[in-house]
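# Tertiary structure, described
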There are 2 protein chains.
Amino acid sequence: MTDHYSVSDKHLVAVDCVIFGYDIYDKELKLLLIKRKFEPEFGKWSLPGGFVKKDESVSGAACRVLYQLTGLAELYMEQSYTYGDINRDTGGRVITITHFALINAYQLDPVMIEASSAHWRSISRIPKLIFDHEKIVKKAHRQLIERIKVKPVGFELLPEKFTLVQLQQLYEAIYLRTIDKRNFRKKIISMNLLEKLDEKEKETSKKGAFYYKFIPARYDDFRRKGFYFNLDVQ
Amino acid sequence: MTDHYSVSDKHLVAVDCVIFGYDIYDKELKLLLIKRKFEPEFGKWSLPGGFVKKDESVSGAACRVLYQLTGLAELYMEQSYTYGDINRDTGGRVITITHFALINAYQLDPVMIEASSAHWRSISRIPKLIFDHEKIVKKAHRQLIERIKVKPVGFELLPEKFTLVQLQQLYEAIYLRTIDKRNFRKKIISMNLLEKLDEKEKETSKKGAFYYKFIPARYDDFRRKGFYFNLDVQ
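In this text the structure is predicted, and so the values were computed from the model without any measurement.

Below, the discussion takes up the overall build of chain A. The secondary structure content of chain A amounts to seven helices and ten strands. Over its C-alpha atoms, taken along the principal directions, chain A stretches across nearly 70 × 45 × 30 Å. With 234 residues in all, chain A has 52% of them scored as buried. Within chain A, contacts between residues at least 6 apart in sequence are counted, and of these 67% link residues at least 24 apart. With the model as given, the accessible surface of chain A reaches about 12,000 Å², and the carbon-plus-sulfur share is 50%. Taking the average location of the 39 positive side-chain charges in chain A and that of its 31 negative ones, the two points are 5 Å from each other.

Here you go:
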């Protein structure tokens, strides 16, 4: 009997990470990009990535890439898509499993970022990227848009306390369009997942706006009762 | 400069296919399974799959597996998920990119199926499968449920002409629950994607029920006008 395992072709397998970041002052969804450090395409803009090693899982490889770049071990991460065309990488045949991660840009140590020659770039002004990386970003961005409608993952991109205006600005930054304020507030309040704090944000207006906090335990409870997160607002 | 391409680990990469089938008489969503023809797990129930070759893309490999098994070159297929744990396959370290395909079970040549020792099994009575294949099926089934709510892919599983009852039965077979008939009809009719034929299906009732046909060009038009397919019915 042929041992299919020993006679079949083997491939280089990589992970590439689409790292979305946000900060409440810029109000822009950003992407963490690096200048590639080896050939081909040395010095060109690229997604952070790396080859999967023999002794690590695919998701382990993605975590390693994220950790090496950001110093953060606990990031929200999801598998996005696998790209397997023969000629997608001009350096050799590489199958890449892409992931997207969400990060509150203020969590990042700027010194670490600088040391990795990584840079934040606005999603609406992405430079030319190597290989099929622009396609990879577009798909991950579409997936993020779908995800934040039906799962409370947007909070990963915000500081612990935020105002409802700041939450709406985050959604608008991801959607790249404005949304209806009344409907947005009605929907988010009606799910009862946020706790209103006694404290006010007073930098943007004299009157101030109350801070809120997302309570994960309330979400667990909400799901157990059979409800679905829904912030799909026009 | 290190040539990362030549020094990095290489891996066996596979595709596994979750082939969903339906026929309007059984009213059950089915899965095409095979008895594995090599070690380890020889003779056990498995998803159809194969190793990706040097000279083919990942999606090309999935098409090859589907074609060899069904004789059909034009099937609806989507990438599902990539499984990359180190020990998921007891025969060796294999990263698998799973795909799901949709097929009107009547399209299939039973002789061909038999020759491949493939068998249809109801989604609600799946035998024990090798490795992580049960997990793979569950995820693909959840994705199919989400997909048929927002994209007109269910028609791939039906003959060209079908009654509204038959269309509803398909959705119920995929959801594994009953749905509200009035809402379902209202939603599907209101999108105006179906053409009502002059012909009636008379086997199931004396009065008969009109046949309908899905018109892809109407769907293209519908999307161009900015509408979204939506058959999310409770």
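This paragraph deals with a positive patch on the surface. Positive charge collects at one region of the surface, where A:Lys181, A:Lys196, A:Lys200, A:Lys202 and A:Lys207 lie side by side. Among the structural elements, A:Lys200 can be located in strand E9 (residues 194-201).

We now examine the interface of chain A and chain B. On the side of chain B, 37 residues touch chain A, which itself brings 37 residues to the contact. Across the interface of chain A and chain B, roughly 3,200 Å² is buried in total on both sides, 64% from carbon and sulfur atoms. Summed over the three residues of chain A that lose the most area to chain B, namely A:Tyr5, A:His11 and A:Gln79, the buried surface amounts to 23% of that side. For the pair chain A and chain B, the interface holds zero salt bridges. Put simply, chain A and chain B have 20 residue pairs in polar contact (both at pLDDT 80 or more) between them. Going through the elements one at a time, helix H1 (4-7), strand E1 (10-23), strand E5 (76-83) and strand E6 (94-104) of chain A are the ones with two or more residues in the side of chain A that touches chain B.

So, about the sheet that holds strand E9 (residues 194-201) of chain B. Residue and element names in this part refer to chain B. Taken in spatial order, the three strands line up as E8-E10-E9 in an open sheet, and their pairing is antiparallel. Only two strands of the sheet have a single partner each, and these edge strands are strand E8 (161-162) and E9. Pairing analysis gives five bridges linking E9 to strand E10 (residues 209-214), with the strands arranged antiparallel. When the bridges of E10 are listed, Leu194 appears paired with Phe214.

Take chain A, turn it by 180°, move it 0.0 Å along the axis, and it overlays chain B with an RMSD of 0.0 Å. Both copies of the chain, as the preceding transformation shows, are related through a two-fold rotation axis. A symmetric contact is evident, with 100% of the interface residues of chain A recurring at the interface of chain B.

This part takes up the domain arrangement of chain A. Residue and element names in this part refer to chain A. Entries for chain A in the domain assignment read domain 1 (4-147) and domain 2 (152-225). A straight line from the C-alpha centre of domain 1 to that of domain 2 covers 28 Å. Every contact between the two is made by 19 residues of domain 1 and, on the other side, 13 residues of domain 2. Taken together, the two surfaces of domain 1 and domain 2 that pack against each other cover about 1,400 Å², and 71% of this comes from carbon and sulfur. Scanning the region where domain 1 abuts domain 2 turns up zero salt bridges. Connecting domain 1 to domain 2 are three residue pairs in polar contact (both at pLDDT 80 or more). For the side of domain 1 that touches domain 2, the secondary structure elements donating two or more residues are E1, strand E2 (28-35), E6 and helix H4 (133-150). Considering each element in turn, the side of domain 1 that touches domain 2 owes the most residues, four residues, to H4. Partitioned by chemical class, the residues of the side of domain 1 that touches domain 2 number eleven nonpolar, five polar and three charged.

Let us now look at the sheet that holds strand E10 (residues 209-214) of chain A. Hydrogen bonds between backbone groups are what pair the strands of a sheet, and the pairing can be parallel or antiparallel. The antiparallel open sheet is built from three strands, whose spatial order is E8-E10-E9 (chain A). Two strands close off the open sheet at either side, each with one partner strand: strand E8 (161-162) and E9 of chain A.

A cis amide bond links A:Glu39 with the next residue in sequence, A:Pro40, at an omega value of -10°. Along the chain, A:Pro40 turns up in the loop between E2 and strand E3 (45-46). The phi torsion at A:Lys27 lies on the positive side, around 60°, for a residue other than glycine. Of note, A:Lys27 is situated in the loop between E1 and E2. Looking at A:Lys27, the relative accessible area reads 41%, which means it is partly exposed. Backbone geometry at B:Leu176 places phi at a positive 60°, although glycine is not the residue there. Examined against the element boundaries, B:Leu176 turns out to sit in the loop between helix H5 (164-175) and helix H6 (181-190).

Computed from the structure, the largest pocket encloses a volume of approximately 2,900 Å³. What lines the largest pocket is a set of 48 residues, among which A:Glu146, A:Arg147, A:Val150, B:Glu146 and B:Arg147 lie closest to the centre. Looking at the lining of the largest pocket, the elements that each hand over two or more residues are E5, H4 and helix H7 (216-224) of chain A together with strand E5 (76-83), helix H4 (133-150) and helix H7 (216-224) of chain B. Residue composition of the lining of the largest pocket, grouped by class: 17 nonpolar, ten polar and 21 charged.

In this section: the pairing of E5(A). Residue and element names in this part refer to chain A. Within E5, six of the eight residues are buried, leaving the element largely enclosed by the surrounding structure. In this sheet, E6 lies alongside E5 in antiparallel orientation, the contact comprising seven bridges. Along E6, the bridge assignment pairs Tyr83 with Thr96.

The rules behind the values
- Residues numbered from 1 in each chain as written.
- Chains lettered and ligands numbered in written order.
- Predicted model: local features only at pLDDT ≥ 70, side-chain atom pairs only at ≥ 80, totals over all residues.
- Heavy atoms only, no water.
- Helix = DSSP H or I, 4+ residues; strand = E, 2+ residues; numbered from the N terminus.
- Buried < 20%, exposed > 50% of the residue type's maximum accessible area, 1.4 Å probe, protein only.
- Contact = heavy atoms within 4.5 Å.
- Areas by Shrake-Rupley, 256 points an atom, 1.4 Å probe, with all protein chains shown as cover.
- Lys, Arg positive; Asp, Glu negative; His and termini not counted.
- Charge placed at Lys NZ, Arg CZ, Asp CG, Glu CD.
- Patch = residues over 30% accessible without salt bridge, like charges linked within 9 Å, V, L, I, M, F, W, Y side chains within 5 Å.
- Salt bridge = Lys/Arg side-chain N within 4 Å of Asp/Glu carboxyl O.
- Buried area = accessible area lost by both parts, 1.4 Å probe.
- Polar contact = N/O pair within 3.5 Å; in protein donor to acceptor, adjacent residues only side chain to side chain.
- Pairing = 2+ DSSP bridges.
- Least-squares fit on C-alpha atoms with pLDDT ≥ 70 in both.
- Domains from an automatic or database assignment.
- Nonpolar A, V, L, I, M, F, W, Y, C, P; charged D, E, K, R; others polar.
- 1 Å grid on protein atoms, 1.4 Å probe; cavity = no way out; pocket = protein on both sides within 12 Å on 5 of 7 lines; lining within 4 Å.
- Points joined across faces, edges and corners; volume = space filled by probe spheres on them.

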